[in-house]
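Per-entry structural report
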Amino acid sequence: MFLHNVNPTVKALTIIGTVFLLAFVFDPVTPVLYIVWTVIVTFLFGTFKKRYYLYYFIPFTLFAFGMFWTTIVFSDTASGTTGTVSFLGMEFPTEDIWTAAALGLRVLAFASLSLLFLFTTNMVHFILSLIQQLKLPPKIAYGVMAGYRFLPMLKTEFQQIRAAHRIRGVNRPDSWKEKLLQYQRFAIPLLAGAIRKAERTAIAMESKGFTGAKERTFYRPMKVRRKDWLFPVMMFGMLGVTIAFSLYFGYFSWYDGQL
Amino acid sequence: MNNWKLKEIVVMSVLSVVFAVVYLAFLPVGKILVGFFGPIGYDLIFGIWFIVSIITAYIIRKPGAAFLSETIAAAVEVLLGNAVGPMLLVSGMIQGLGAESAFAMTRYKRYDLFTLMLAGVMAAVFSFVWGYFLSGFAALSTGYVLAMFIARIISGAIISGVAGKVLSDALAKTGVLSSFALGKEYRRKRAA
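In this text the structure is predicted, and so the values were computed from the model without any measurement. (Residues numbered from 1 in each chain as written. Chains lettered and ligands numbered in written order. Predicted model: local features only at pLDDT ≥ 70, side-chain atom pairs only at ≥ 80, totals over all residues.)

1. Some thoughts on the overall build of chain B
A count of helical and extended segments in chain B gives eight helices and zero strands. Ordered by position from the N terminus, the helices and strands of chain B form the series α-α-α-α-α-α-α-α. By principal-axis analysis of the C-alpha atoms, chain B measures approximately 55 × 30 × 25 Å. For chain B, the residues scored as buried account for 57% of the 192 residues in total. For chain B, long-range pairs separated by at least 24 residues make up 72% of all intrachain contacts whose partners lie at least 6 apart in sequence. (Helix = DSSP H or I, 4+ residues; strand = E, 2+ residues; numbered from the N terminus. Buried ≥ 20, exposed ≤ 12 C-beta atoms within 10 Å, placed from the backbone. Contact = placed C-beta atoms within 7 Å.)

The following block contains the structure:
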């Protein structure tokens, strides 16, 4: 439960900071170690349905493999090649494989970090914390929260428009081209409906006294407590340890124009 | 932010939310194209990922519209979960800044097709420079990177500039935008 109680802004800034630092690491070993660490932290200190975590993680692995593959196939041939590795019946220079693996694993490391955030953060708390800690203008923040709530509504609206079209004799699409045309027909009514609803929502908010002024009270005050700092210390500390580890074993490489 | 009306903000965020879903839907399309053509596949349709900043700026016509809408769309993409992670937020902000720069160059006075296409091109340029450092394009051969760059610029001008204008104009014709800058312009034209 620890992760759920960390102040959302502190958590988000920590994640962004680690992602930023990892973006400069160009060897495959450091990200692997850090992925393992992040996943362990997420599972130990977060409560959520573990199955969903897997569902989310699988597409990331495919994307990471795609990144790995395109980097190998389309990369410049490395100048100082020390040897080749055969992979799926083709020969590739070792350096290219190394860089490609680094890039692919980096994607996975970013993914595990963002999943840590997504699975342990309540979005409303996050936005409230952005207003209170980072001084995000309430006008924007509440506007965005209202807009975010439209998402499930838009889905029903979409189904309604489709049903309405069908009643009036528009056929089910049976080819790719027709399907595309169908989306074109849906776009305008869907957007027009959404804009109308948004306008009404704004009027309702104002009529209930929302001015968007910065001096306001909060039902849920979000504060940064001392124990919140444990999370950044833990994450940045472990990043330092993993880097030290791969430095010690001679795997580490920093961005140095290798690409 | 004080000269923004609340309804403009809510409409902007609704547009951003809608297009965040569209953006996510186009990621697999890009992946399929990448499967066929290599990394340039994304650049062919890259313009789709700038469209909300152009539409919002064209409809609302206030400083910051392009940047804020693209940022919100990226934030929603991150919240919905995607394969790129939180870095997407930064990419969105940079694309938004690119589009915003084009409108700033006209001092937020001109909203014709040329400006909208320029906004698409600027978003493409900004995002390409960012992608060059982040995604390791530098690993690819120079000619290929140049082809990607040109493809992205054209895509930005056509998909986000031209298609964004067509879509917003179609919306204005329905009358729902009557209290926004674009709708007001339409009414003035009709009265004249």
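Further notes follow.
2. Topic: the overall build of chain A
The number of helices and strands found in chain A is ten helices and two strands. When the helices and strands of chain A are read in sequence order from the N terminus, they spell out α-α-α-α-β-β-α-α-α-α-α-α. The C-alpha radius of gyration computed for chain A amounts to 24 Å, which surpasses the reference 18 Å derived for 259 residues by more than 25%, pointing to a less compact arrangement than a globule. Here the C-alpha coordinates of chain A stretch approximately 70 × 60 × 35 Å along the principal axes. Buried positions account for 32% of the 259 residues belonging to chain A. Considering only intrachain contacts with a sequence separation of at least 6, the fraction spanning at least 24 residues in chain A is 82%. (Rg over C-alpha atoms; globule rule 2.2 N^0.38 Å.)

3. Section: the environment of Pro63(B)
Residue and element names in this part refer to chain B. Along the chain, the position of proline 63 falls in the loop between helix H3 (51-60) and helix H4 (65-80). By C-beta crowding, proline 63 is classed as partly exposed, having 16 other C-beta atoms within 10 Å. Distance in space between the C-alpha atoms of proline 63 and tyrosine 108 is 6.7 Å, their sequence separation being 45 residues.

4. Quick look at the UniProt feature "transmembrane region" (unreviewed entry) in chain B
Within this numbering scheme, the UniProt entry marks residues 9-34, 40-60, 72-94, 114-133 and 145-163 of chain B as carrying the feature "transmembrane region" (unreviewed entry). The span residues 9-34 of chain B is 100% helix and 0% strand, and its two end C-alpha atoms sit 36 Å from each other. (UniProt positions renumbered as here; feature names shortened; annotations may be inferred.)

5. Digging into the nonpolar core
By size, the foremost hydrophobic cluster in this structure holds 76 residues, and its most contacted members are Val14(B), Ile54(B), Ala57(B), Ala99(B) and Ala119(B). With twelve residues, helix H1 (residues 6-37) of chain B is the single largest residue contributor to this core. Those residues in contact with Ala57(B) that sit more than four places away from it in its chain are Ala65(B), Ala66(B), Ala99(B), Phe103(B) and Ala119(B). Counting residues in hydrophobic clusters, the runner-up holds 36 residues, among them Phe63(A), Met67(A), Ala102(A) and Leu113(A). (Core = buried A, V, L, I, M, F, W, Y, C linked by C-beta atoms within 7 Å.)

6. Quick look at the environment of Trp37(A)
Residue and element names in this part refer to chain A. Note that tryptophan 37 resides in helix H3 (residues 29-45). Linking tryptophan 37 and threonine 242, residues 205 residues apart in sequence, is a C-alpha distance of 9.3 Å. Setting aside chain neighbours within four positions, we find tryptophan 37 in contact with Met238 and Thr242.

7. A closer look at H3(A)
The terminal C-alpha atoms of H3(A), which comprises 17 residues, lie 24 Å apart, in line with the 24 Å expected from a rise of 1.5 Å per residue. Taken as a whole, H3(A) has its buried residues at Val29(A), Thr30(A), Pro31(A), Tyr34(A), Ile35(A), Thr38(A), Val41(A) and Thr42(A). (Expected span 1.5 Å × (residues − 1).)

8. Here's the deal with the interface of chain B and chain A
Taken together, the contact pairs 38 residues of chain B with 49 residues of chain A. When residues of the side of chain B that touches chain A are traced back to their parent elements, those giving at least two are H1, H4 and helix H7 (142-174) of chain B. Among the elements that make up the side of chain B that touches chain A, the one with the highest residue count is H1(B) (twelve residues).

9. Comments concerning the UniProt feature "transmembrane region" (unreviewed entry) in chain A
All names here are of chain A. Residues given the UniProt feature "transmembrane region" (unreviewed entry) here are residues 12-45, 52-74, 97-119 and 229-251. As annotated, residues 97-119 comprises 100% helix and 0% strand, and the C-alpha atoms at either end are separated by 32 Å. Secondary structure across residues 229-251 comprises 83% helix and 0% strand; the distance between its end C-alpha atoms is 30 Å.

10. Some details on the confidence of the model for chain B
All names here are of chain B. For chain B, per-residue confidence averages 89 on the pLDDT scale, and 93% of positions sit at 70 or higher. Averaged pLDDT values over the elements of chain B bottom out at 87 in helix H2 (residues 40-44) and peak at 96 in H3. In the predicted assembly, ipTM is 0.88 and pTM is 0.83. (pLDDT = per-residue confidence, 0-100.)

11. So, helix H7 (residues 138-148) of chain A
Where burial is concerned, most of H7(A) is hidden: nine out of the eleven residues are buried. Of all the residues in H7(A), the buried ones are Pro138(A), Lys139(A), Ile140(A), Tyr142(A), Gly143(A), Val144(A), Ala146(A), Gly147(A) and Tyr148(A). Looking at the buried positions of H7(A), the neighbouring elements they touch are helix H6 (123-134), helix H8 (150-167) and helix H9 (176-207) of chain A together with H1 and H4 of chain B.

12. Points about the domain arrangement of chain A
Quoted interface sizes are often the accessible area lost when the parts come together. What the domain assignment reports for chain A is domain 1 (2-127 + 222-248) and domain 2 (138-207). Here domain 1 of chain A and domain 2 of chain A have C-alpha centroids that lie 36 Å from each other. (Domains from an automatic or database assignment.)

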